[in-house]
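Each chain, written out:
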Amino acid sequence: MTRFLGVRSCATPGAPAGADSSPVFKVRTPEFPANGPSWADSIASELNALEAASLLRKCRVVDSPQQPEVALTGRRLLNFSSNDYLGLAADPLLREAAKAAIDRFGVGAGASRLVCGTMAPHRELEDRLATFKKSEAALTFSSGYAAALGTLSALARSEDVIILDKLCHASLIDGARLSGATIRVFPHNDLGKLESHLRWARKQFPSGRVLVVTESVFSMDGDLSPLEDIVDLKDRHGAFLLLDEAHAVGVRGRNGRGLAFERGLSERIDLHMGTLSKALGGSGGYVCGRRRSIEFLLNKARSFIYSTAPGPAAAATSSAALDFLLSEDGEERRQKLAANLAQFAEDCSAFSAAPPSAIIPVILGTSQAALSASEALLDAGFLIPAIRFPTVAKNAARLRVTVSAIHESHQIRELCAVLNRLLAP
Ligand SMILES: Cc1ncc(COP(=O)(O)O)c(C=O)c1O
């Protein structure tokens, strides 16, 4: 006999017994106050508040490939806001890899990875990623956001502690919150406070897992974490370290392997996390580490388990991007990026030295100031949207300028001329 456990049905509550053999569940009516605001009014008032605070967001439609020059609402604009640091997003090499994968495998993965969605390009990409990061194994996700969410919520439980840098990306914060672990935040790169959190965690949760989370290049400030000290601290206190190299891979270290490699610390990082959607030019996220850790995530990370696998072309594109990073052309592209950053520092009077990454924050304070500067740049032909709360602190709205390896010298000069005028005291 089949037993139904918690099956939902559309049967009318209260229908006579025997009229329908399906189990019947009562639907709870929402407990809105009889004279409360309507759903539409309630949402409209939040949107109005966002607009009044200069915090309303809108999508702009780009009608061209992602390149230094983009087409936007009928205008050609110079784009200095993309994370495509090496200019791979529209590169012929990656386009060809995607086309070949589509011809061979089609476009969809058909199911989640654990059902029948693991296709040869997914496995090839994970093998390449593990080799690239000199790790035992790798697991890919549909985005960096999904990688962070799935990994942190799987690794930590309510009896554990996650300690994050204050400037960690939203995906890391959301993953930590979802885990149900106790969360502690240390001021940006403040090693003293990190150490006191570690001591506290070890004392309060003697048998819990303690996980430190930070980024190597910070997404909105472009600065670096003091990685050697963080690794020493987490080792001394028996903690685990997840390092998000989203903005370092492709840009820092030999072959663009990231900051942990550049500093000779890669073997001491427990989990290397990153995204395939920035310097690698495609889309997806990944985690690399010990074989057992990856096996654990494959069994526990819900954003991996309960999501259809990315299409095979996305995986093949990322494999081609990794091959490119390892090639001489990849090294040249990275040198071109470094030269472009040096030129930016020379041409822009607000900066005296080449920035440590391709992310250059121009902090303006209020959201309105950032929006006005962004509008002025748009009028001058540059696409650099304002970055506002809650992405950054309320008083730290900014222009986040990003420079790519394929910007041309004259394009950087033109931008700096406008920035010099705009930022003049
Ligand atoms: C530090 C950091 N981690 C993770 C992510 C998420 O990656 P993705 O865009 O691939 O979802 C981002 C993206 O902005 C990021 O900046």
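Everything numeric in this text was worked out from a predicted model, so none of it was measured. (Residues numbered from 1 in each chain as written. Predicted model: local features only at pLDDT ≥ 70, side-chain atom pairs only at ≥ 80, totals over all residues.)

**Observations regarding the overall build of the protein**
- Helices and strands together make up the secondary structure of the protein, namely 15 helices and 13 strands.
- Compactness check: the protein gives a C-alpha radius of gyration of 24 Å against a globular reference of 22 Å for 425 residues, within 12% of the reference.
- Taken across its 425 residues, the protein has 43% of its residues classed as buried. (Helix = DSSP H or I, 4+ residues; strand = E, 2+ residues; numbered from the N terminus. Rg over C-alpha atoms; globule rule 2.2 N^0.38 Å. Buried ≥ 20, exposed ≤ 12 C-beta atoms within 10 Å, placed from the backbone.)

**With respect to the nonpolar core**
- Counting residues in hydrophobic clusters, the biggest one holds 106 residues, and the most contacted among them are A138, I162, I163, L211, V213, Y286 and V287.
- The greatest single-element share of this core, amounting to 9 residues, is contributed by helix α12 (residues 312-326).
- Here this core spans two domains, and each of domain 1 (58-80 + 331-423) and domain 2 (92-326) adds at least three residues to it.
- Beyond its immediate chain neighbours, meaning those up to four positions away, A138 contacts E126, L129, A130, K133, Y286, V287, C288 and I294. (Core = buried A, V, L, I, M, F, W, Y, C linked by C-beta atoms within 7 Å. Domains from an automatic or database assignment. Contact = placed C-beta atoms within 7 Å.)

**A look at helix α5 (residues 144-155)**
- Spanning 12 residues, α5 covers 16 Å between terminal C-alpha atoms, matching the ideal 16 Å at 1.5 Å per step.
- By the criterion of burial, α5 is predominantly enclosed, with 11 of the 12 residues buried.
- Residues G144, A146, A147, A148, L149, G150, T151, L152, S153, A154 and L155 constitute the buried set of α5. (Expected span 1.5 Å × (residues − 1).)

**Re the site of the ligand**
- By nearness alone, 13 residues border the ligand, and S143, G144, S219, A246 and T275 come closest of all.
- Ranked by residue count, the leading element in the shell around the ligand is α5, at 3 residues.
- Looking at the shell around the ligand residue by residue, the classes come out as 3 nonpolar, 8 polar and 2 charged. (Near = placed C-beta within 6 Å. Nonpolar A, V, L, I, M, F, W, Y, C, P; charged D, E, K, R; others polar.)

**Quick word on the domain arrangement of the protein**
- When cut into domains, the protein gives domain 1 (58-80 + 331-423) and domain 2 (92-326).
- The C-alpha centroid of domain 2 is placed 27 Å from the C-alpha centroid of domain 1.
- Listed by partner, the interface residues are 13 residues for domain 1 and 9 residues for domain 2.
- Every element with two or more residues in the side of domain 1 that touches domain 2 is listed here: α13 (328-347) and β10 (359-365).
- Looking at which element gives the most residues to the side of domain 1 that touches domain 2, the answer is β10, with 3 residues.

**Quick word on the packing of α13 against helix α15 (residues 409-423)**
- Here α13 crosses α15 at 30°, and the two axes come no closer than 9 Å. With respect to each other, α13 and α15 are oriented roughly parallel. Seen from above, α13 lies across α15 with right-handed handedness. Contacts between α13 and α15 involve N340, Q343, F344 and D347 on the former and, on the latter, S409, I412, R413 and C416.
- Class assignment for the residues of the contact of α13 with α15 results in 3 nonpolar, 3 polar and 2 charged. (Axes fitted to C-alpha atoms, helices over the stretch in contact; angles between N-to-C directions. Parallel < 35°, antiparallel > 145°, perpendicular 65-115°, else oblique. Left-handed = near helix turned anticlockwise from the far one by under 90°.)

**Some words on the sheet that holds strand β9 (residues 285-289)**
- In space, the 7 strands of this open sheet follow the order β3-β9-β8-β7-β6-β4-β5, with mixed pairing throughout. Only two strands of the sheet have a single partner each, and these edge strands are β3 (137-141) and β5 (182-186). Strand-to-strand twist of the sheet, defined as the mean angle between neighbouring strand axes without regard to direction, takes the value 20°.
- Direction of pairing for strand β8 (residues 271-275) relative to β9: antiparallel, over a ladder of 5 bridges. Bridging from a neighbouring strand, L271 pairs with G289 of β9. (Pairing = 2+ DSSP bridges.)

**Some words on the environment of L276**
- Along the chain, L276 falls in the loop between β8 and β9.
- In sequence terms L276 and F382 are 106 residues apart; their C-alpha atoms lie 26 Å from each other.
- Setting aside anything within four residues of it in sequence, one finds L276 in contact with G282, S283, G284, G285, Y286 and S318.

**Topic: the sheet that holds β10**
- With antiparallel pairing, the 3 strands of this open sheet are ordered in space as β10-β13-β12. Strand pairing shows two members of the sheet lacking a second neighbour, β10 and β12 (386-387), which therefore form its edges.
- Of the pairings in the sheet, the one linking β12 to strand β13 (residues 397-402) comprises 2 bridges and is antiparallel in character. Paired with A386 across the two strands is L399, which belongs to β13.

**Digging into the packing of helix α7 (residues 191-204) against helix α8 (residues 227-236)**
- In the contact formed by α7 and α8, the axes pass within 10 Å of each other and the chain directions differ by 15°. Classed by the angle they form, the pair α7 and α8 counts as roughly parallel. Where α7 crosses over α8, the two elements pack in a sense that is right-handed. On α8, the residues that touch L191, L194, E195 and L198 of α7 are D229, I230 and L233.
- For the contact of α7 with α8, the class distribution of residues is 5 nonpolar, no polar and 2 charged.

**Considerations on unusual backbone geometry**
- The peptide bond linking F389 to P390 adopts the cis configuration, its omega dihedral lying at 5°.
- One can find P390 in the loop between β12 and β13.
- Within the chain, K134 stands out as a residue other than glycine whose phi angle is a positive 50°.
- Secondary-structure assignment places K134 in the loop between α4 (120-132) and β3.
- Judged by the 12 C-beta atoms lying within 10 Å of it, K134 is exposed.

**Things to note about the pairing of β13**
- Within β13, 6 of the 6 residues are buried, leaving the element largely enclosed by the surrounding structure.
- The alternating pattern of β13 places A397, L399 and V401 and R398, R400 and T402 on opposite faces, both of which are buried.
- Looking at chain direction, β10 and β13 are connected through 6 bridges and run antiparallel. Among the inter-strand pairings, I360 is bridged to a residue of β13, identified as V401.

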